[in-house]
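# Observations on the model geometry
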Amino acid sequence: MVRTRISPVPTPSQRLIGYARVSTEEQLNDAQVDELRMAGCQIIHQEQGSGASRSRPVLGKLLKELQAGDVLVVVRLDRLARSVSHLLDVIEDLEKRGVHFRSLRDPIDTSTPQGMFSLQVLGAVAQLERALIAERTKSGMKAAKARGRLAGNPGLRERRPDAIRAISAARDRVYLEELLVSVQTWLPAVRKLRPQHSWDDTVRILNNRGHDWTVERLRRAVHRLVRERLAEPELLARTPRRATQDHLMRLVAGIAIADPDLSLRDIAAQLDQMRERPPRGGRKWQASSVKMLLDEARKLGLIQGVDIAER
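Owing to the predicted nature of the structure, the values given are computational and were not obtained by experimental measurement. (Residues numbered from 1 in each chain as written. Predicted model: local features only at pLDDT ≥ 70, side-chain atom pairs only at ≥ 80, totals over all residues. Heavy atoms only, no water.)

### A short note on the overall build of the protein chain
Broken down by element type, the protein chain carries 11 helices and five strands. Burial statistics for the protein chain: of 311 residues in total, 39% are counted as buried. Considering only contacts in the protein chain between residues 6 or more positions apart, those separated by 24 or more positions represent 66%. Put simply, the protein chain shows about 19,200 Å² of open surface, and 52% of that area lies on carbon and sulfur atoms. (Helix = DSSP H or I, 4+ residues; strand = E, 2+ residues; numbered from the N terminus. Buried < 20%, exposed > 50% of the residue type's maximum accessible area, 1.4 Å probe, protein only. Contact = heavy atoms within 4.5 Å. Areas by Shrake-Rupley, 256 points an atom, 1.4 Å probe, with all protein chains shown as cover.)

### Notes on the layout of surface pockets
The calculated volume of the second largest pocket comes to roughly 490 Å³. As for the second largest pocket, its lining consists of 18 residues, of which Lys61, Glu65, Asn208, Arg209 and Gln270 are closest to the centre. When contributions to the lining of the second largest pocket are tallied by element, the ones reaching two or more residues are α2 (57-65) and α10 (264-273). For the lining of the second largest pocket, the element with the most residues is α2, which contributes six residues. Its residues assigned to classes, the lining of the second largest pocket shows five nonpolar, six polar and seven charged. (1 Å grid on protein atoms, 1.4 Å probe; cavity = no way out; pocket = protein on both sides within 12 Å on 5 of 7 lines; lining within 4 Å. Points joined across faces, edges and corners; volume = space filled by probe spheres on them. Nonpolar A, V, L, I, M, F, W, Y, C, P; charged D, E, K, R; others polar.)

### Topic: helix α8 (residues 215-227)
If you check α8, its first and last C-alpha atoms are 18 Å apart, about what 13 residues at 1.5 Å a residue would give, namely 18 Å. For α8, every residue scored as buried is listed here: Leu218, Ala221, Val222, Arg224, Leu225 and Val226. Backbone geometry just after α8 places arginine 229 at a positive phi near 60 degrees. (Expected span 1.5 Å × (residues − 1).)

### Concerning the sheet that holds strand β2 (residues 43-48)
Read from one edge to the other, the open sheet built from five strands follows the order β2-β1-β3-β4-β5, with strand pairing classed as mixed. A strand with exactly one partner marks an edge of an open sheet, and here the two such strands are β2 and β5 (108-109). Where strand β4 (residues 100-103) meets β5, two bridges bridge the pair, whose relative direction is antiparallel. Within the sheet, the bridge partner assigned to arginine 102 lies in β5 and is aspartate 109. Helix-sheet contacts for α2 involve β1 (16-22), β2 and β3 (71-74), and the interaxial angle to β2 is about 150 degrees. (Pairing = 2+ DSSP bridges. Axes fitted to C-alpha atoms, helices over the stretch in contact; angles between N-to-C directions.)

### Overview of the packing of helix α9 (residues 247-258) against helix α11 (residues 287-299)
Interhelical geometry of α9 versus α11 gives an angle of 90 degrees and a closest axis separation of 9 Å. Taken together, α9 and α11 sit at an angle that is classed as roughly perpendicular. Mapping the contact onto sequence places Leu248, Met249, Val252, Ala253 and Ala256 in α9 and Val290, Leu293, Leu294, Glu296 and Ala297 in α11. By residue class, the composition of the contact of α9 with α11 is nine nonpolar, no polar and one charged. (Parallel < 35°, antiparallel > 145°, perpendicular 65-115°, else oblique.)

Here you go:
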């Protein structure tokens, strides 16, 4: 006898928000989107990227925007998380904020007692898996030591140049592959911002859109793409020196250039999230302050061809 798991009917206050992801090798995620729509998702966010990649800007932005009472829905657990521990971290953060999680093809639904029980079992399995891996690693090292062997790569221990070059080349290939998986999610914005805007401002704008960069990591990534002739050398040029008082103007201009669809209120909300203090005092940014800074940026030629909705 085949049993069909019936998903709970959402209450009027719940928003079912779907997340669909395909890897770079897969085709379009239409099947996931159809399944999420059938489950009742009013909003569906789509992303393309490797399951192992840490850079998922769409997911990062979605997780920040979820509100208490919302239900995050995926077709399968592997569409959301890189690993069991990552999955548990995400769900724990959502639970603290009053957001539920549901996987359509797995018995995980944190809005039901049965789903929470399945999640606890999954957590116990993850803890057991970590303990077994640690135990096997220690046993292997102990056995190798008893046979007179040392752990690690013999070539690296002996500092052989060929072994060092091989390891370095392998790491470099993996690093480039990881960059190429996510490059289309961040490089277009970098091209719009650099070099007129500093690396600090560029990183802050990217991270506010769901990325997780540091200045050092972003500069290294752009250097690597330039070396492969996948990005323009001009991106690495020095930012023109300007007076410190125009920091806010440059930051507002950068946000507008990176995402021209934002309204004045949208930009004001981003500045509040960045904890920037309004130029006229007060605790919250107003659309009028954003407009004033954008007008100044236009006069200086920092913004060209960017129309911001005045709302």
